[in-house]
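Coordinates in review
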Amino acid sequence: MLLSLPRIYKIGIVSVISIVIFSFALFYYIQTVTENNVQSNLITEQINRQRAASTSLSQHIGSDLTLVMTVLDGLTSSGYIQAGDINSEKTNQLIQEKYKIIDDVIDKIFVLDKNDMVTSGLSQSSTDEYLGADFSQREWVKEAKRDLKPVFSKGFERHGIYTIYIGVPVINRDNNQYIGLIGATISTEKFFARYGNVHDINSQFLVIYDKNGTILAVGADTNLVGKNFFGTSVQNFIRHNEILNNLTGSLLKGHPNYGVYDYGRSERINTGQPILVQNTPTYFLQIVTPTKAIFSKISDTLFTERLKGYSLLVAVFASLGSLVIFLLKWNNTMEKEVIKRTNALNKTNIQMGIMSKQLRKSNLSLQNANEQLRQHDKIQKEFINMAAHELRTPIQPILGLADVLRDYVTDSHQSKLLDVIMRNAKRLQRLSCDILDVSKIESSLLKISKSKIDLNEKIKTVINDVENGYDDRNNSNVKIIFEPKETIIVYADKDRIYQVLSNLLNNAIKFTKNGTVTINTSIANGNNNANNDKEAVVTIMDTGSGITPETMQKLFSKFVTTSSHGTGLGLFISKGIIEAHGGRIWAENNSNGVGSSFSFSLPFT
């Protein structure tokens, strides 16, 4: 039948078939490129989030292990143990007190005498099977005794549980002689399970190594625990994957890294980070995420949209095929042919309108996918907020333990070291509070509790705190001048306004090596309200180095600082606080070319 048709119809049929094939091929190509772009963006976002998580998690683990080391080291410096009285009731009572601080991290704590015999100890079961045991042949004991330094064991399997030992030698402060050892044990899988999955290969899991590449915990297969990563068993498991080998080798050298690989058990994203214990890389962390766990969130949506697109194309071309058959049967006259072609064209336009609507729906689905990416960004910010809270958790034990150590330390040099620890711990505490404030400002969750305050008295309080050294950035070479002319009462959050004043005053002092910082208060007409109501204005003018044009453009943004020890969050937080009060904050260089001025306004109501 096809061969008997006129040539023009044969050309038309071949053209239609060609268009159908080309359209399906083009649609498949566009759909594939779109899906690949979405998946690529998801992997990039996951890598960024996972690298941040690796850094936070390694810091958290390192902080807990450092706390253990600090407690053990504190025991070695106690008066009872230094006197050689390692088995008295007072010594045992002291050990019990210290054990309560770290019993959620370690399994056992025990004491060895100078002959390496266990004289006392505690465990979570309240009894210690080590009591009376001879540890003199343990390699980690020999190392601690020989080098007189804290030691992490190379690992030891006891009753099927892979365990590491931490030993801190007790050294007589008078003659520098070894008189015993304070030790602790940690079950690796139990310990590292506190921070993430170490049992399920089908979801995101953790891998932990020691310095020799021995696996201490792994979610891929618990049978790999205690085996060396570069040994035969592990290499056969990962099928000698070159990418994973390079990532792990680089990580064990102390280099954070990331990569994507597949050794036959689905594609995975791997991010690595060293775990620092007392600023020394001691263990090494990898977070591993199967990409299918990420793609599963959008795979159903992509499949549905692909199915809709193909269904639409099939419907359109089925209509075109019906139209061609219809035209072949009704070709009696040119007039009818023209009429029918016109009708067919109208129908085609309708179908194309439907197709356009479906494509708009497809675009909406892609917008939804982008919204999911924004939600991932929101989750990342929530994670930063959580990490800031977690960062605050180990700070108080550090401050508390340092304060406890003051009672045992008489050496002036050690006292200065404790002062350094406490000063930096307080600085870390302020940093965690700043991170929380930034998170609240960005999430519009910053709460203001207004009350009636005397603005001049609040400024005097801040000046008094700075001059009396309550802030470690005080500069004695700078004179602070404040001569209020009239009482100014505003309704504001007194603690938040104190925070803004303290930030601006400390900044002015920090960038003024020698000179003066002058504070002025005044009442002015408001610039940002329709009624032109009055507002209070505070100006802090220094004689320092001024603000560069590059810095001025982004002065109140996050992480903008020219100081070697600042975080660049203070001005961003101050801006958020003032704007939450309905005020404004600005800065400018002084007209005489010396120093700069920072000002902010507060409405009276």
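Going by the structure above, here's the rest.
All values reported here derive from a predicted model rather than from experimental measurement.

Some remarks on the overall build of the protein chain
A count of helical and extended segments in the protein chain gives 15 helices and 18 strands. Contacts in the protein chain between residues at least 24 apart in sequence constitute 60% of all its contacts with a sequence separation of at least 6. For the protein chain, the computed accessible surface area is about 32,400 Å², with 53% contributed by carbon and sulfur atoms.

A closer look at a nonpolar patch on the surface
Where nonpolar side chains cluster on the molecular surface, the patch consists of Phe 22, Leu 26, Tyr 29, Ile 30 and Val 33 and spans about 500 Å² of accessible area. Here Tyr 29 is to be found in helix H1 (residues 7-76).

Quick notes on the sheet that holds strand E15 (residues 515-525)
Strand order in the open sheet formed by five strands is E13-E15-E16-E18-E17, with mixed pairing between adjacent strands. The outermost strands of the open sheet, each flanked by one partner alone, are strand E13 (478-482) and strand E17 (584-589). Pairs of neighbouring strands in the sheet enclose a mean axial angle of 20 degrees, with direction left out of account. Helix H13 (residues 494-510) contacts E13, E15, strand E16 (534-542), E17 and strand E18 (596-603) of the sheet and is inclined by roughly 25 degrees relative to E16.

Remarks on the packing of aromatic side chains
Considering all chains together, one arrives at 15 aromatic pairs under this definition. Seen in terms of ring centroids, Phe 110 and Phe 135 are 5.4 Å apart; in terms of plane orientation they differ by 65 degrees. Their pairing is edge-to-face. Residue Phe 110 is found in strand E1 (residues 108-112), and its partner Phe 135 is found in the loop between strand E2 (118-123) and helix H4 (139-147); the two are separated by 25 residues along the sequence. Relative accessible area serves as the criterion here: at 1%, Phe 135 is assigned to the buried category.

Focus on the pairing of strand E10 (residues 268-277)
Of all 10 residues in E10, nine are buried, a share of seventy percent or more. Pairing of strand E9 (residues 257-261) with E10, which is carried by five bridges, proceeds in the antiparallel orientation. If you follow Val 260 over to E10, its bridge partner there is Ile 269. If you look at the hairpin formed by E9 and E10, you'll find six residues sitting between the two strands, and Gly 264 has a positive phi there, around 100 degrees. Bridge count for E10 against strand E11 (residues 280-290) is 10 bridges, and the pairing is antiparallel. When the bridges of E11 are listed, Gly 272 appears paired with Gln 286.

A word on the side chain of Ser 58
For Ser 58, the position within the fold is in helix H1. What makes Ser 58 buried here is its relative accessible area of 4%. Once you skip the residues sitting within four places of it in the chain, Ser 58 turns out to touch Gln 273, Pro 274, Ile 275 and Leu 285.

Quick notes on the environment of Ser 601
Residue placement: Ser 601 occurs in strand E18. A relative accessible area of 0% places Ser 601 in the buried class. Distance from Ser 601 to Gly 526, taken between C-alpha atoms, is 8.4 Å for residues 75 residues apart in sequence. Those residues in contact with Ser 601, other than ones at most four positions away along the chain, are Glu 535, Ala 536, Val 537, Ile 578, Gly 583, Arg 584 and Trp 586.

A short note on unusual backbone geometry
Positive phi values are uncommon outside glycine, yet Asn 176 reaches one of about 60 degrees. By the element assignment, Asn 176 lies in the loop between strand E5 (161-171) and strand E6 (178-187). Residue Asn 279 is not a glycine yet carries a positive backbone phi of 65 degrees. Tracing the backbone through its elements, the reader meets Asn 279 in the loop between E10 and E11.

Details of the pattern of salt bridges
Inspection of the entire model under this criterion finds 11 salt bridges. In this structure, Asp 64 and Arg 194 form a salt bridge, with 3.3 Å as the shortest nitrogen-oxygen distance. With Asp 64 in helix H1 and Arg 194 in the loop between helix H5 (188-192) and strand E7 (205-209), the pair connects residues that are 130 residues apart, well separated along the chain. Among the residues examined, Asp 64 registers a relative accessible area of 11% and is labelled buried. Close ionic contact of Lys 154 with Glu 143 constitutes a salt bridge, the shortest N to O distance being 3.9 Å. On the criterion of sequence distance, the pair formed by Lys 154 in the loop between strand E3 (151-152) and strand E4 (156-158) and Glu 143 in helix H4 is long-range, its members being 11 residues apart. Among the ionic contacts, a cluster of salt bridges with common partners joins Asp 64, Asp 104 and Arg 194.

Conventions used here
Residues numbered from 1 in each chain as written. Predicted model: local features only at pLDDT ≥ 70, side-chain atom pairs only at ≥ 80, totals over all residues. Heavy atoms only, no water. Helix = DSSP H or I, 4+ residues; strand = E, 2+ residues; numbered from the N terminus. Contact = heavy atoms within 4.5 Å. Areas by Shrake-Rupley, 256 points an atom, 1.4 Å probe, with all protein chains shown as cover. Patch = residues over 30% accessible without salt bridge, like charges linked within 9 Å, V, L, I, M, F, W, Y side chains within 5 Å. Salt bridge = Lys/Arg side-chain N within 4 Å of Asp/Glu carboxyl O. Pairing = 2+ DSSP bridges. Axes fitted to C-alpha atoms, helices over the stretch in contact; angles between N-to-C directions. Phe/Tyr/Trp six-rings, centres within 6.5 Å; stacked < 30°, edge-to-face > 60°. Buried < 20%, exposed > 50% of the residue type's maximum accessible area, 1.4 Å probe, protein only.

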